[in-house]
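# Remarks on the overall topology
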Amino acid sequence: MKNTVIIIPTRLDAKRLPNKPLAQINGIPMVVHVVKRAKESNIGDVFVATPDNKILKIVNENGGQAVLTKPEHPSGSDRIYEVYEKKLKGKVDLIINLQGDMPNI
């Protein structure tokens, strides 16, 4: 089986719904729900790619692995690539891009 990771790009500065990753669902931030679902898949390691210290802190406090990325990235794919370059280069075969607003996946 190929070495696979899941990377969840997320940020607080969304245009339509600012702070969406921290929206509470049953008292737990949405991004934490997404991380938990990703981990339950047993596909591989799970990382959150974010430019926001607040998300970084919440993810890490809830057993996840978050990586701080540059705030100027134009897309989540750019955030994912930064995490790949910083942490995973040459160590993974597949990267799954899981959106941070999919708590029911």
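Per chain, the residues get numbers from 1 upward, laid out in the order the sequence is written. Local features are withheld for residues below a pLDDT of 70 in this predicted model, meaning they are given only at 70 or higher, and side-chain atom pairs are given and counted only at 80 or more; totals for whole chains, interfaces and linings count all residues. In computing side-chain values, all of the structure's heavy atoms are included and hydrogens and water are not.

### Side note on the packing of aromatic side chains
Within a pair of aromatic rings, the relevant descriptors are the distance that separates the centres and the angle that separates the planes. Pairing of aromatic rings covers Phe, Tyr and Trp, the last counted by its six-membered ring, and requires centre-to-centre distances within 6.5 Å; plane angles under 30 degrees mean stacked, over 60 mean edge-to-face, and any other angle means tilted. In this structure the tally under the stated criterion is one aromatic pair. Consider the rings of Tyr81 and Tyr84, whose centres lie 6.0 Å apart with planes at 35°: the pair is tilted. One end of the pair is Tyr81 and the other is Tyr84, both in helix H3 (residues 76-88) and three residues apart, which spans about a single turn. Numbering of helices and strands starts at the N terminus; helices are DSSP runs of H or I of at least 4 residues and strands are runs of E of at least 2.

### Some words on the pattern of salt bridges
Opposite charge on two side chains permits pairing when their charged atoms draw close. Each salt bridge in this description consists of a side-chain nitrogen of Lys or Arg and a carboxyl oxygen of Asp or Glu lying within 4 Å of one another. One pass over the full model with this rule turns up five salt bridges. With a shortest N-O distance of 3.3 Å, Lys57 and Glu61 are connected by a salt bridge. Highlighted residues: Lys57 and Glu61, both in helix H2 (residues 53-61), separated by four residues, approximately one helical turn. Considered together, Lys57 and Glu61 belong to a single accessibility category, that of exposed residues. Here Glu82 ties to Lys86 by a salt bridge, and the two come within 2.9 Å at their closest N and O atoms. Here Lys86 and Glu82 lie together in helix H3, a separation of four residues that amounts to about one turn. Since its relative accessible area comes to 9%, Glu82 is described here as buried. Each residue gets one of three labels from its accessible area relative to the maximum for its type: buried under 20%, exposed over 50%, partly exposed in between, using a 1.4 Å probe on protein chains only.

### Things to note about the nonpolar core
The biggest cluster of nonpolar side chains holds 17 residues, and the ones touching the most others in it are Ile8 and Val48. Mapped onto this core, the elements with two or more residues apiece are strand S1 (4-9), helix H1 (30-40), strand S4 (45-50) and H2. Per-element accounting of this core gives the leading share, five residues, to H1. In this structure, Val48 is in contact with Ile8, Thr10, Val31, Val35, Ile55, Val59, Gln65, Ala66 and Val67, ignoring residues within four places of it in sequence. Val5, Ile80, Tyr84 and Val92 belong to the second-largest nonpolar core, a separate cluster that totals 10 residues. Residues belong to one nonpolar core when they are buried, are Ala, Val, Leu, Ile, Met, Phe, Trp, Tyr or Cys, and are joined through side-chain atoms within 4.5 Å. Here, residues are in contact when the closest pair of their heavy atoms is within 4.5 Å.

### Some thoughts on the sheet that holds strand S5 (residues 66-68)
Read from one edge of the open sheet, four strands run S5-S4-S1-S6, paired in parallel fashion. Both edges of this open sheet fall to S5 and strand S6 (94-97), since each of them pairs with a single strand only. Neighbour-to-neighbour, the strand axes of this sheet turn through a mean angle of 30°, independent of strand direction. Any two strands between which DSSP finds at least two bridges are classified as paired. Summarising the sheet, S1 and S6 pair through four bridges and their orientation is parallel. Within S6, the position partnered with Ile6 by the bridge is Ile96. Contacts from H3 reach S1, S4, S5 and S6 within the one sheet, and its direction differs from that of S1 by about 135°. Note on definitions: angles span 0 to 180 degrees between N-to-C directions of axes, and those axes are lines fitted to C-alpha atoms, for helices only across the stretch in contact.

### Examining the environment of Ala23
Positionally, Ala23 belongs in the loop between S1 and strand S2 (24-25). Judged by its relative accessible area of 29%, Ala23 is partly exposed. Placed 78 residues apart in sequence, Ala23 and Asp101 show a C-alpha to C-alpha distance of 9.7 Å. Sequence-distant contacts of Ala23, defined by excluding residues within four places in its chain, comprise Ile28, Pro29 and Met30.

Nothing here speaks to function; it is all geometry.
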